[in-house]
Amino acid sequence: MAFKLSFALSLIFFLAVFLVVPAFSHLPHPHLYNPNGLVNSTYSSPYGFLKDLQGCRKGEEVGGIHNLKLYLSQFGYLNYQTNPNIPDPKKDQFDEELEVALKSYQVFYHLNATGMLDASTLSMMLMPRCGIPDKEGHHHSNGPLHIVSHYSSFRGSPKWPRAKRRLTYGFGPGFNTQTMPPVVRAFSKWTNASGYFSFSRATTYASADLKISFQTRDHGDGTPFTGPGAELGHAFPPTDGRLHFNAEKTWAVGAVPNAFDIESVALHEIGHLLGLNHSSVQNAIMFSGISPGVTKGLNSDDIRGIRALYGS
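Reading the values: the criteria
- Residues numbered from 1 in each chain as written.
- Predicted model: local features only at pLDDT ≥ 70, side-chain atom pairs only at ≥ 80, totals over all residues.
- Heavy atoms only, no water.
- Core = buried A, V, L, I, M, F, W, Y, C linked by side-chain atoms within 4.5 Å.
- Buried < 20%, exposed > 50% of the residue type's maximum accessible area, 1.4 Å probe, protein only.
- Helix = DSSP H or I, 4+ residues; strand = E, 2+ residues; numbered from the N terminus.
- Contact = heavy atoms within 4.5 Å.
- UniProt positions renumbered as here; feature names shortened; annotations may be inferred.
- Polar contact = N/O pair within 3.5 Å; in protein donor to acceptor, adjacent residues only side chain to side chain.
- Phe/Tyr/Trp six-rings, centres within 6.5 Å; stacked < 30°, edge-to-face > 60°.
- Lys NZ or Arg CZ within 6 Å of the ring centre and 35° of its normal.

Enquirer: Give me the lowdown on the nonpolar core, citing residues and values where you can.
Expert: By size, the foremost hydrophobic cluster in this structure holds 38 residues, and its most contacted members are Trp190, Phe199, Ile212, Phe245 and Leu274. For this core, the elements supplying multiple residues, two or more each, are β2 (166–171), α5 (180–194), β4 (210–215), β6 (242–246), α6 (262–274) and α7 (300–310). When residues in this core are grouped by element, the largest group, seven residues, is from α6. In this structure Trp190 touches Phe199, Leu267, Ile270, Gly271, Leu274, Leu276, Ile285, Met286, Leu298, Asp302 and Ile306, once residues within four positions along its chain are discounted. One finds Tyr77, Leu102, Leu111 and Phe287 within the second-largest nonpolar core, a separate group that totals 26 residues.

Enquirer: Describe in detail the UniProt feature "active site" (unreviewed entry) in the protein chain, supporting the description with residues and values.
Expert: Under the local residue numbering, the UniProt record ascribes the feature "active site" (unreviewed entry) to Glu269. Note on placement: Glu269 falls in helix α6. Residue classification places Glu269 among the buried residues on the basis of a relative accessible area of 1%. Beyond its immediate sequence surroundings of up to four residues, Glu269 is in contact with Cys130, Gly233, His234, Ala235 and Leu243. Separated by 3.2 Å, the side chain of Glu269 and the backbone nitrogen of Ala235 make a polar contact.

Enquirer: Account for the packing of aromatic side chains, naming residues and giving values.
Expert: One pair of aromatic rings is described through two measures. These are the centre distance and the angle between the planes. Per the counting criterion, the structure on display carries 20 aromatic pairs. Here the aromatic rings of Tyr169 and Phe187 are separated by 4.6 Å at their centres, their planes lie at 10°, and the arrangement is stacked. You can see Tyr169 sitting in strand β2 and its partner Phe187 sitting in helix α5, a full 18 residues away along the chain. Both rings, one in Phe175 and one in Phe214, keep their centres 4.9 Å apart while their planes meet at 35°; by these two values the pair is tilted. Here Phe214 lies in strand β4 and Phe175 lies in the loop between β2 and α5, a separation of 39 residues in the sequence. What makes Phe175 buried here is its relative accessible area of 6%. Taking NZ or CZ as reference, Arg242 lies 4.5 Å from the ring centre of Phe236, over its face.

Laid out in structure tokens, this is it:
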């Protein structure tokens, strides 16, 4: 009897450690997402206002359109602030500039460039994504749309100097130890892909070239997270070195339903740290979005991008 009780307790311990531990959250009540990228009925997205605008098009005046303008501005498709032809960017008018911006967004994500907020465009906009803009300082003209079909770098192609091919990284205070090994693996994959960089852990967080931490809301870097909503994280181009994960997301090690794989997101954000911007290739790790329960690795597009930036 004692042997059977001992065996049963051991089995319970094994299941608790190996089945429960891989998924974790920084919130007491994890937020769930549908596999298609749309939030389910139990979750309130900060971009939920877009659902009320589905089907709107040029010439219409609908309450909330100014928020669609702000969304496209946030991710680099629209710049009303420096456009003298726009007298009131807060007006809920679907004007020509907004139509061109929406088409530019649709072209980047290989959607039908309808210029209206159709269902497929709405689904993409609600997909959890990186907080870094897809484009920088975007200005529109009356000319043809420019199609970006692969990797890209930031404006001016910032990169680490040759003297910094060996970069150090550090984890911020309170960084969950379960997330450290997958982040280290992500660094190793970039080492192999680049044929250029090597990474090692710094003796202190303060001395690290690359500083990795979990953050929430307005955390002092000028790009606040909007709570447990769309942004998974963000990282800054060389030689800033800061990488921030959204602490209000539900994270996991590996493909766990309704949670985000920390290694996949780390791979993406490290790409930003090294100088890569977003790719329009959906299978690339530098594609802006990823669905919960999904794992991704480096794609040939990512490898071409990093080697184009630093050489073979």
